[in-house]
Amino acid sequence: MRVVPNLYPAFEGDEPFVVANRGPVFTQASAGGSTRSSSSPRARRHLGMLSEEQTSLVMAALRDRLEEHAQRPNLRYTQPS
């Protein structure tokens with residue numbers, strides 16, 4: 001199992017979350033974060049098709065990313081996909 005930075009990240013940076021009012025209806029907030037890609041030799045399989053050992057590796061990689069994100073004070077949300 002490999003986890004690498006995404007070549008085309010949806011979000012980058014570690015800016016604090018700040019909301020600015022842009023008129024009576026609109027607000028704007030900065031977007032920062034981290035996007036990673038995970039892959040394995042069996043990347044084209046569904047999770048339900050993996051062996052117990054392979055599923056354990058996937059879950060351990062997700063756990064490690066969640067723990068890493070928990071250490072970043074400006075990161076407010078994590079979505080594994």
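The present account deals with the structure reproduced in this document. Everything quoted here is computed from the prediction, not taken from an experiment.

The next thing to look at is the pattern of salt bridges. For the structure on display, the rule yields two salt bridges. Taking the shortest distance from any N to any O, the salt bridge between Asp64 and Arg63 comes out at 3.0 Å. The class of Asp64 is partly exposed, set by a relative accessible area of 31%. Residue Arg63 is classed as partly exposed on the basis of its relative accessible area of 45%. Between Arg65 and Glu68 there is a salt bridge; the shortest N-O distance is 3.3 Å. In this pair, Arg65 and Glu68 both sit in helix α1 (residues 52-70), three residues apart, roughly one turn of the helix. On the basis of relative accessible area, Arg65 is assigned to the partly exposed category, the value being 23%.

This brings us to the side chain of His69. Note that His69 resides in helix α1. Judged by its relative accessible area of 12%, His69 is buried. Dropping the residues within four chain positions of it, His69 is found in contact with Ser34, Leu75 and Thr78.

With that settled, the discussion passes to α1. Here α1 spans 27 Å end to end across 19 residues, near enough to the 27 Å set by a 1.5 Å rise per residue. Listed as buried for α1 are Val58, Ala61 and His69. The arc that holds the buried residues of α1, viewed along the axis, is 75 degrees, so those residues lie on one side. Projecting away from the buried face of α1 at angles above 90 degrees are the exposed residues Glu52, Glu53 and Ala70. Residues of α1 that are buried sit in contact with β1 (2-5).

Here is what the cut-offs are and how they apply
- Residues numbered from 1 in each chain as written.
- Predicted model: local features only at pLDDT ≥ 70, side-chain atom pairs only at ≥ 80, totals over all residues.
- Heavy atoms only, no water.
- Salt bridge = Lys/Arg side-chain N within 4 Å of Asp/Glu carboxyl O.
- Buried < 20%, exposed > 50% of the residue type's maximum accessible area, 1.4 Å probe, protein only.
- Helix = DSSP H or I, 4+ residues; strand = E, 2+ residues; numbered from the N terminus.
- Contact = heavy atoms within 4.5 Å.
- Expected span 1.5 Å × (residues − 1).
- Arc of directions from axis to C-beta.

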